[in-house]
Amino acid sequence: MESRLLLRRFRRLCMIALPLALFMAFLLPLTASADAILMGSHPLNVLGGANLTGLRTNSGQLDGPTFFGFVMITLVELGAIFWVGAQFWLMFVLQLASKGNATQEAIHRQTQERFERRWSLPVLLVLLVANVGVLVGQVLIASGGQWLQAFSPPILLSLASNGRVGTYWTVREFVLVLAILLALFMLFVKKRPPLINSILPSVNLLLGSLLCIAIAMSSHAAVNADILIEAVLIDWFHLIVASLWVGGMLYIATIYLPVLQKKSIVERVQSLVTLLAYSAPLAVTGIILMSITGPFSATIYLSSWEQLFSTAYGRALSVKIALVGVLLISSGIHFFFLRQRLAKEYKKYMYALEGVTFKQEQQIKLREGRMTKRVDRLTTILRWEPLAGIAIVACVGLMNVFAGTLTPITTQQQQPATNASSAYNTTVQTADHAYTVKLNINPNRFGSNLFTVTVIATSTGQPTTNVGVVVYTQMLDMDMGTDNVTLLPDGKGHFSATAVLSMSGNWAVRVQIRSPDHIFHEASIKIFTQF
């Protein structure tokens, strides 16, 4: 019966995971192409490919903006791992272990209620806020620590609505909002039909998988077009595997053990022996797959073994590998040593309880005392073990931040000195030399600017009025997409309109002129805008 139920749940999991993996494989090349179109000849920007889960830095230093971004990244990944791990535990441990056992069913119900009432909604809300924090951190790093720019609504809205950054940030927010609505439903609707209760874990697991996809699609793997599909699939799979192992440990420490602490020693022992036996396959699967995907992922990003020690990314990876080793030893101790000894002690206790022996009460107290000591040892390890898992997730966050240290630092050209209060003026010809364009941007700084274009026909040398003019602006220091504004004529050959330069830095301005014969003529200018 249990094997059939487990097989049914495994099939349900495959029905969720396989379409998602195929969807990713189909979507990845499309998004890479879309980014190339958006960024023109610069598919990776100055930030080394600005991405949502981690801004890459070449310095290897945790300054204020970088530390802020690192904290937000870690909160997002840790929250996702914990929440997805809770769904795995609910589907493949609690529901299976409680079949036909009234005591276990009560513990299962109380554990599930504790997660729904105290943890599910707060974790999702923290994820929602941290996801916004990642966006703020991205602007903060790109602007050199300018907090005013980091919280500027025009900048955040522009970043959230354009390019890969905006696409996957929006996906993450959408998935989190759906999960929050579902958590509210589970919190306030106590009496639910059995069918709904059986479907809810699968729906939550599907939402968690989508969230992991969005995280992987904007990780440091996603900035390398040559290995995009393989690397992002590995990152997504790595997140799911971490949910099986690390997420399960977090669930045990924060949800299961507090419920178990209120039970009698016999109920605690019986529950621990039973549930850990059911959770062992999940943990072992997570351990094996993480041991495979971790080194494979490292071979994708590292070009030589020396980078393990010569770069900040490599050092973070080395610490992560060491922590995984510690966690392997710890998991082996409590799964294959402490749990086995506790199970044997429980059998001896039951034998003493059921048999008729000399000094039976003394034997029962002796066995009960030994069980208490073994339970205390086991629960102590289970309670503190997740700290190593949290440290592993923090190392992953550092690897996201320090991914830029794997590439050589390029010398950037010195920015032209400009007066923040002076307008920008230039004269250029269109690519086909049909028109001369005079461009004035006033005051050429962060915020609203007046764009004025004078169009002079090359054939006559006189300003022309019978054309249409559109100006396109694109931030070169960050993937914020392309904005456009149609300039209005004044009847004297001048065209003007107000447009927003949402942050200081390097901008590409493209002036497009539509002549009466419906032919487009373009001129491109690069400018530097101060704060």
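Before reading on, note that the structure itself is shown above.
Small disclaimer: the values here were computed from a predicted structure and weren't measured. Think of each chain on its own: its residues are numbered from 1, step by step along the sequence as written. Residues qualify for local features only when their pLDDT is at least 70, as the model is predicted, and side-chain atom pairs are given and counted only at 80 or more; totals for whole chains, interfaces and linings, by contrast, use all residues. Excluding hydrogens and water, the side-chain values take into account all heavy atoms of the structure.

1. Section: the overall build of the protein chain
- Numbering of helices and strands runs from the N terminus, with a helix taken as a DSSP run of H or I at least four residues long and a strand as a DSSP run of E at least two residues long. For the protein chain, the count of helices and strands is 13 helices and eight strands.
- Among the 531 residues that make up the protein chain, the fraction classed as buried is 53%.
- Note on definitions: a residue-residue contact is assigned when non-hydrogen atoms from the two residues lie within 4.5 Å. Sequence-distant contacts, at least 24 apart, represent 73% of the contacts inside the protein chain between residues at least 6 apart.
- Note on areas: Shrake-Rupley, 1.4 Å probe, and residue coverage restricted to the protein chains presented here. As displayed, the protein chain has an accessible area near 24500 Å², and 64% of this comes from carbon and sulfur atoms. For every residue, the accessible area (1.4 Å probe, protein chains only) is compared with the maximum for its type, and the residue is labelled buried under 20%, exposed over 50%, or partly exposed between those bounds.

2. Considering the sheet that holds strand β8 (residues 520-529)
- Two strands pair under a simple rule: DSSP has to find at least two bridges between them. One open sheet holds the eight strands; their spatial order is β1-β2-β3-β6-β5-β4-β7-β8, and the pairing between them is antiparallel. On the outer flanks of this sheet lie β1 (424-429) and β8, each paired with one strand and no other. Ignoring strand direction, the axes of neighbouring strands in this sheet form an average angle of 25 degrees.
- Pairing of strand β3 (residues 447-457) with strand β6 (residues 494-501) involves eight bridges; the strand directions are antiparallel. From the neighbouring strand, Phe451 faces β6, where its bridge partner is Ala497. Only C-alpha atoms enter the line fits that serve as axes; for helices the fit covers just the stretch in contact. Angles between N-to-C directions range over 0 to 180 degrees.

3. A short note on the pairing of β6
- Burial along β6 is one-sided: the residues Phe495, Ala497, Ala499 and Leu501 are buried and none of His494, Ser496, Thr498 and Val500 is.
- In this structure, the hairpin formed by strand β5 (residues 482-489) and β6 is closed by a connection of four residues, where Gly491 is found at a positive phi of approximately 85 degrees.

4. A short note on the environment of Lys373
- Among the structural elements, Lys373 can be located in helix α12 (residues 360-384).
- The class for Lys373 is exposed, based on a relative accessible area of 58%.

5. As for the environment of Met217
- Mapped onto the fold, Met217 is located in helix α7 (residues 194-217).
- Along the primary structure Met217 and Asp235 are separated by 18 residues, whereas in three dimensions their C-alpha atoms are 8.5 Å apart.

6. Observations concerning a positive patch on the surface
- A surface patch of positive charge is lined by Arg341, Lys344, Lys347, Lys348, Arg370, Lys373 and Arg377.
- When contributions to the positive patch are tallied by element, the ones reaching two or more residues are α11 (312-354) and α12.
- Mapped onto the elements of the fold, Lys348 is located in helix α11. To count toward a patch, a residue needs a relative accessible area over 30% and no salt bridge; like charges are then connected within 9 Å, while nonpolar side chains (Val, Leu, Ile, Met, Phe, Trp, Tyr) are connected within 5 Å. Should a side-chain nitrogen of Lys or Arg be within 4 Å of a carboxyl oxygen of Asp or Glu, the pair is scored as a salt bridge. The positive count covers Lys and Arg only, the negative count covers Asp and Glu only, and His and the chain ends enter neither. The location of each charge is read from NZ of Lys, CZ of Arg, CG of Asp or CD of Glu.

7. Re helix α13 (residues 386-401)
- Multiplying one less than the number of residues by 1.5 Å gives the expected span of a helix. Along its 16 residues, α13 runs 23 Å from first to last C-alpha, staying within 8% of the 22 Å computed at 1.5 Å per residue.
- In terms of burial, α13 is largely enclosed, as twelve of its 16 residues are buried.
- Among the residues of α13, Pro386, Ala388, Gly389, Ile392, Val393, Ala394, Cys395, Val396, Gly397, Met399, Asn400 and Val401 are the ones counted as buried.

8. A few points about the nonpolar core
- Tyr256 and Leu272 are the most contacted members of the largest nonpolar core, which has 88 residues in total.
- Of all the elements, helix α8 (residues 228-260) adds the most residues to this core, at 18 residues.
- Excluding residues that lie within four positions of it along the chain, Tyr256 makes contacts with Trp89, Ile107, Thr111, Tyr251, Ser271, Leu272 and Leu275. Residue types Ala, Val, Leu, Ile, Met, Phe, Trp, Tyr and Cys, when buried and joined through side-chain atoms within 4.5 Å, form a set referred to as a nonpolar core.

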